[in-house]
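Here's the letter readout for the chains.
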Amino acid sequence: MQGYIAKYESFATMEGPGIRFAVFLSGCNLRCVCCHNPDSWRQGNPVDSEDLVRQILRYKPYFRSGGGVTFSGGEPLMQTDFVIEVSRMLKAEGIHIVLDTACSLLETGQKELYDLCDLVIADLKFPDAEGYERYCKNGVFDTVIKTFEYLDMKQIPVWVRTVIIPGINDTKEMIARYAAIIKKYSTIQKYELKPFHTMGFSKYEQLGIENPLADTAALSPDRLGQLKQDLNEIMNKNPNQVRSFLVNKRQG
Ligand code: SF4
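What counts, and at which threshold
- Residues numbered from 1 in each chain as written.
- Predicted model: local features only at pLDDT ≥ 70, side-chain atom pairs only at ≥ 80, totals over all residues.
- Heavy atoms only, no water.
- Axes fitted to C-alpha atoms, helices over the stretch in contact; angles between N-to-C directions.
- Helix = DSSP H or I, 4+ residues; strand = E, 2+ residues; numbered from the N terminus.
- Parallel < 35°, antiparallel > 145°, perpendicular 65-115°, else oblique.
- Left-handed = near helix turned anticlockwise from the far one by under 90°.
- Contact = heavy atoms within 4.5 Å.
- Nonpolar A, V, L, I, M, F, W, Y, C, P; charged D, E, K, R; others polar.
- 1 Å grid on protein atoms, 1.4 Å probe; cavity = no way out; pocket = protein on both sides within 12 Å on 5 of 7 lines; lining within 4 Å.
- Points joined across faces, edges and corners; volume = space filled by probe spheres on them.
- Near = heavy atom within 4 Å.
- Sits in = over half its atoms within 2 Å of the grid points.
- Expected span 1.5 Å × (residues − 1).
- Buried < 20%, exposed > 50% of the residue type's maximum accessible area, 1.4 Å probe, protein only.

**Q** If you had to explain the packing of helix α2 (residues 80-92) against helix α3 (residues 108-116) to someone new, which residues and values would you point to?
**A** Where α2 meets α3, the axes come as close as 10 Å, and the angle between the chain directions of the two elements is 25 degrees. Classified by the angle their axes make, α2 and α3 are roughly parallel. Taken as a pair, α2 and α3 cross one another with a handedness that is left-handed. Residues T80, V83, I84, S87, R88 and K91 of α2 touch α3, and the partners they reach there are G109, Q110, E112, L113 and L116. Here the residues of the contact of α2 with α3 sort into 4 nonpolar, 4 polar and 3 charged.

This is the structure we're talking about:
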């Protein structure tokens, strides 16, 4: 089967545990205003599944430290059948599989793919449908939540990430709303706040795509540190307190 790849990284360390071979698949069904990789939206280079597996297996000795393969994007779920086929071949070789996804599709194929994963790295971009509609141009919040429920039911380990964008979700109130969702799922092992940065801005210029956040500055390390502290405080609170805070917010 043929898939389309935006790029590879053969010694990736930021895409899951250990040293990993990261496959960045092309195509995405979201258009997040904070996207650092708009180049991945276009169709990438074609690759045959068996060729890709052969290429990955050359790095197998480096995966001994708990590493493996990470499928990222773009949105890897846009090429679910291809990723399933490659993952099956890799699992047969005992390779650890991570899927890095925005969880924006959930049909039978995606469930089948999740079942093959050792770890899912999931984005929780916004804590409600309005946020997804406004800032990702696709109101897939319900699908994200249904995915969390599915992964929880199957007890598939999950790490969740949220990009914090100045002026959009960089408040303690927003962090509390994210935290209330995270707390519901026992399978979520880790929740990370990631800073919005401007390193992808030149890609918008090169591609001639309008950058909706062209006037937004990177999130400062101080602000990120403060929000992480807020998150720790909220996560360590009695869950009921977080829930009642949210009820008040919604009524307001
Ligand atoms: S899901 Fe990822 S690749 Fe797709 S638009 Fe959003 S940030 Fe970009």
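That was the structure; now back to the text.
**Q** Any chance you could break down the layout of surface pockets for me, citing the residues and the numbers?
**A** Estimates place the volume of the largest pocket at around 1,100 Å³. Lining the largest pocket we find 39 residues, and of these E15, H36, N37, D100 and R161 sit closest to its centre. Mapped onto the lining of the largest pocket, the elements with two or more residues apiece are β1 (2-12), β5 (97-101), β6 (119-123), β7 (158-164) and β8 (188-195). Among the elements that make up the lining of the largest pocket, the one with the highest residue count is β8 (4 residues). Here the residues of the lining of the largest pocket are counted per class, giving 16 nonpolar, 10 polar and 13 charged.

**Q** Describe the packing of α3 against helix α5 (residues 141-153), listing the residues and the values that go with them.
**A** The N-to-C vectors of α3 and α5 enclose an angle of 45 degrees; their axes lie 11 Å apart at closest approach. For the element pair α3 / α5, the angle class is oblique. Considering how the two elements wind past one another, α3 and α5 form a crossing that is right-handed. Here α3 contributes K111, Y114 and D115 to the contact with α5, which in turn contributes T147, Y150 and L151. Residue composition of the contact of α3 with α5, by class: 3 nonpolar, 1 polar and 2 charged.

**Q** Report on the site of the ligand, specifying residues and quantitative values.
**A** As a matter of local geometry, the ligand sits amid C28, L30, R31, C32, C35, W41, G74, A102 and K125. For the ligand, the cavity whose grid points lie within 2 Å of the majority of its atoms is the largest pocket. For the shell around the ligand, the per-class residue count stands at 6 nonpolar, 1 polar and 2 charged.

**Q** If you had to explain α2 to someone new, which residues and values would you point to?
**A** With 13 residues, α2 extends 18 Å between its outermost C-alpha atoms, agreeing within 8% with the 18 Å of an ideal straight helix rising 1.5 Å per residue. For α2, the set of buried residues is T80, F82, V83, I84, V86, S87 and L90. At the exit of α2 stands G94, carrying a positive phi of roughly 75 degrees.

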